[in-house]
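Single-letter residue listing:
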Amino acid sequence: MTDPTRIVHIVDDDEAIRQSIGFLLRKGGYAVRTYPAGTPFLKAVTRETRGCVLLDVRMPDLDGLEVQARLAQSGITLPVIMLTGHGDVTLAVRAIKAGAIEFLEKPFERTALLAAIETALAHAARTNREQLAAVEARIRLAALTPRERDVLDGMVLGRPNKLIAFDLDIATRTVEVHRANLMDKLAARSLSDVLRIAFAAGLGDDPVDPG
């Protein structure tokens, strides 16, 4: 059975490159998917696709930077390792700024390629964990009542109970009750737990110091 955390997608119009890299990676225990151009690759992948991508910069239908941009537009978070035979520094800078994990110039060293792939797959694993945490957090928040969400919003802003009560025009004791109820629903033992769940779900920009 293919390990979805060890899949490498090779997108390169050079068949010899696809075959040689594919052979090397399969010997190293990776699952390999190959594509002769950007268009068939984009048609094949979805947000659920796992692994990382070795993406050639210069291809006849879509260049690697365009493929990279379309992945981002589609919400596909596969880590990208950009490949080029031209040593174009400008392209390298653009690729890295657009989120590429690494930029390798052909011909590249075997060790450099494998190191880049391991870095990309580790990045993918972290991203997958964060996405799962975000989904779980949003599910938990969905159980809150509208007023409990209002109180949570105040907590995320770092406001004390009295100020939350003032903002919502309710009694401080009522805020305390809502706060206790939402902590129970979120299975949170402390304010720090509440904030971690809230931030995982996308509330707020930066963690607030609970002290």
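Our subject in this report is the structure included herewith. These figures come from a predicted structure and were not determined experimentally.

1. So, the overall build of the chain
Right, so step 1: A count of helical and extended segments in the chain gives nine helices and five strands.
Right, so step 2: For the chain, the N- to C-terminal ordering of α and β elements is β-α-β-α-β-α-β-α-β-α-α-α-α-α.
Right, so step 3: Its C-alpha radius of gyration of 23 Å places the chain more than 25% over the 17 Å reference for a compact globule of 211 residues.
Right, so step 4: Projecting the C-alpha coordinates of the chain onto the three principal axes gives extents of approximately 70 × 40 × 30 Å.
Right, so step 5: When the accessible area of the chain is evaluated, it comes to approximately 11800 Å², of which 52% is carbon and sulfur surface.
Right, so step 6: For the chain, the centre of its 27 positive side-chain charges and the centre of its 28 negative side-chain charges are spaced 4 Å apart.

2. Observations concerning the side chain of His178
Right, so step 1: Mapping His178 onto the fold places it in helix H8 (residues 172–185).
Right, so step 2: His178 gets classed as buried once you look at its relative accessible area, which sits at 17%.
Right, so step 3: Leave out the neighbours within four places in its chain, and His178 touches Arg147, Glu148, Val151 and Ile170.

3. Let's talk about the packing of helix H6 (residues 146–156) against H8
Right, so step 1: At a closest axis distance of 9 Å, the pairing of H6 and H8 adopts a crossing angle of 95°. Comparing the axis directions of H6 and H8 gives the class roughly perpendicular. On H8, the residues that touch Arg147, Glu148, Val151, Leu152 and Met155 of H6 are Val175, His178, Arg179, Asn181, Leu182 and Lys185.
Right, so step 2: Its residues assigned to classes, the contact of H6 with H8 shows five nonpolar, two polar and four charged.

4. A short note on the environment of Glu176
Right, so step 1: In this fold, Glu176 is placed in helix H8.
Right, so step 2: Looking at Glu176, the relative accessible area reads 33%, which means it is partly exposed.
Right, so step 3: For the pair Glu176 and Ile164, spaced twelve residues apart in the sequence, the C-alpha separation amounts to 9.9 Å.

5. Focus on the pairing of strand S2 (residues 31–35)
Right, so step 1: Relative to S2, strand S1 (residues 7–11) runs parallel, the two sharing five bridges. Directly across from His9, in S2, lies its bridge partner Arg33.

Parameters at a glance
- Residues numbered from 1 in each chain as written.
- Predicted model: local features only at pLDDT ≥ 70, side-chain atom pairs only at ≥ 80, totals over all residues.
- Heavy atoms only, no water.
- Helix = DSSP H or I, 4+ residues; strand = E, 2+ residues; numbered from the N terminus.
- Rg over C-alpha atoms; globule rule 2.2 N^0.38 Å.
- Areas by Shrake-Rupley, 256 points an atom, 1.4 Å probe, with all protein chains shown as cover.
- Lys, Arg positive; Asp, Glu negative; His and termini not counted.
- Charge placed at Lys NZ, Arg CZ, Asp CG, Glu CD.
- Buried < 20%, exposed > 50% of the residue type's maximum accessible area, 1.4 Å probe, protein only.
- Contact = heavy atoms within 4.5 Å.
- Axes fitted to C-alpha atoms, helices over the stretch in contact; angles between N-to-C directions.
- Parallel < 35°, antiparallel > 145°, perpendicular 65-115°, else oblique.
- Nonpolar A, V, L, I, M, F, W, Y, C, P; charged D, E, K, R; others polar.
- Pairing = 2+ DSSP bridges.

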